[in-house]
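Spelled out, the chains give:
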Amino acid sequence: MPVPAQGSWLSDIAAARHELSRSSTAARIADLLREQITDGRLAPGERLREEELGEALKVSRNTVREAFRLLAMERLLVHEFNRGVFVRRVTADGLADLYRVRRILECEGVRCAREAPAGTLGRVEAAVLDGESAAAAGRWPDVGTADIRFHQAIAALVGSPRVDEMIQHLLAEMRLVFHEMGSPREFHEPYLTRNRRIHDLMARGGLAEAERELRSYLDDAEAQLTAAYREKARSEAH
């Protein structure tokens, strides 16, 4: 095997090979924490302690610290000087930007539905069914999780691993936004029938109408959440 030339990008990678195991472990820890956020188990403002996670996972604090750094880059965690690491609260400006990017990714998903990889439209329907089942049982936080999966499945219709990764990160942030709503049922219940309608339109090939419905849906959700942010800001000011 040829030896990489001195100073080449390949030699830089070779020099970092001893870090691969630690880095991959940190990435997996980041995945686990992101899943907890996406499923609504970690709420904005909750503190994460290096020593507790390190002990639970049997890894070093440096590895946990690296996982925290990865999630801070995704805007899911924030480090507060002399206080520690906390689950981040999404700002009103951040909310607007989340919806701006979601429109790009999810509407493209609807446009790609006809040529989508096999099984991906089935994932959309599965998320709809999960939401309906959770609502029937009164499990409204689980309805929120099913809604996240619905939108992930919409974006997955693009058939791009990069889009899948982007929407995964965006929707983890969205789950933090959901905590701003006082009642999960009040927020999520009206969107159950809209999720069903979007899926049914795509299944019948009505992609243009499905895209219009999705844009209207996202507009309404953004307006509702923005109003909740404003109301919370007013109440905190008093």
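Here, the structure is the one placed above.
Reading the values: the criteria
- Residues numbered from 1 in each chain as written.
- Predicted model: local features only at pLDDT ≥ 70, side-chain atom pairs only at ≥ 80, totals over all residues.
- Heavy atoms only, no water.
- Helix = DSSP H or I, 4+ residues; strand = E, 2+ residues; numbered from the N terminus.
- Expected span 1.5 Å × (residues − 1).
- Bend = angle between axes of the 7 residues up to and from the residue.
- Buried < 20%, exposed > 50% of the residue type's maximum accessible area, 1.4 Å probe, protein only.
- Contact = heavy atoms within 4.5 Å.
- Pairing = 2+ DSSP bridges.
- Arc of directions from axis to C-beta.

1. Regarding helix H5 (residues 92-111)
And step 1. With 20 residues, H5 ought to run about 28 Å at 1.5 Å a step, and its terminal C-alpha atoms sit 29 Å apart, in line with that.
And step 2. Considering bend angle alone, the principal kink of H5 is centred on Arg 102 and spans about 25°.
And step 3. When H5 is considered as a whole, its buried residues turn out to be Gly 94, Leu 95, Leu 98, Tyr 99, Arg 102, Arg 103, Leu 105, Glu 106, Cys 107, Gly 109 and Val 110.
And step 4. The inward-facing, buried residues of H5 abut helix H7 (140-156), helix H8 (161-178), helix H9 (184-203) and helix H10 (207-237).

2. Details of the sheet that holds strand E2 (residues 77-80)
And step 1. The sheet built from three strands is open, its strands ordered E1-E3-E2 with antiparallel pairing. Each of the sheet's edge strands pairs with one partner strand only, and the pair in question is strand E1 (47-48) and E2.
And step 2. Sheet topology note: the E1/strand E3 (residues 84-87) ladder contains two bridges and is antiparallel. Residue pairing across strands places Arg 47 opposite Phe 86, the latter belonging to E3.

3. Section: helix H3 (residues 50-57)
And step 1. Among the residues of H3, Glu 50, Leu 53 and Gly 54 are the ones counted as buried. The buried residues of H3 all sit within an arc of 100° when viewed along its axis, so they share a single face. Counted as exposed and oriented over 90 degrees from the buried face of H3: Glu 55 and Ala 56.
And step 2. Directly beyond the C-terminal end of H3, a positive phi value near 60° is found at Lys 58.

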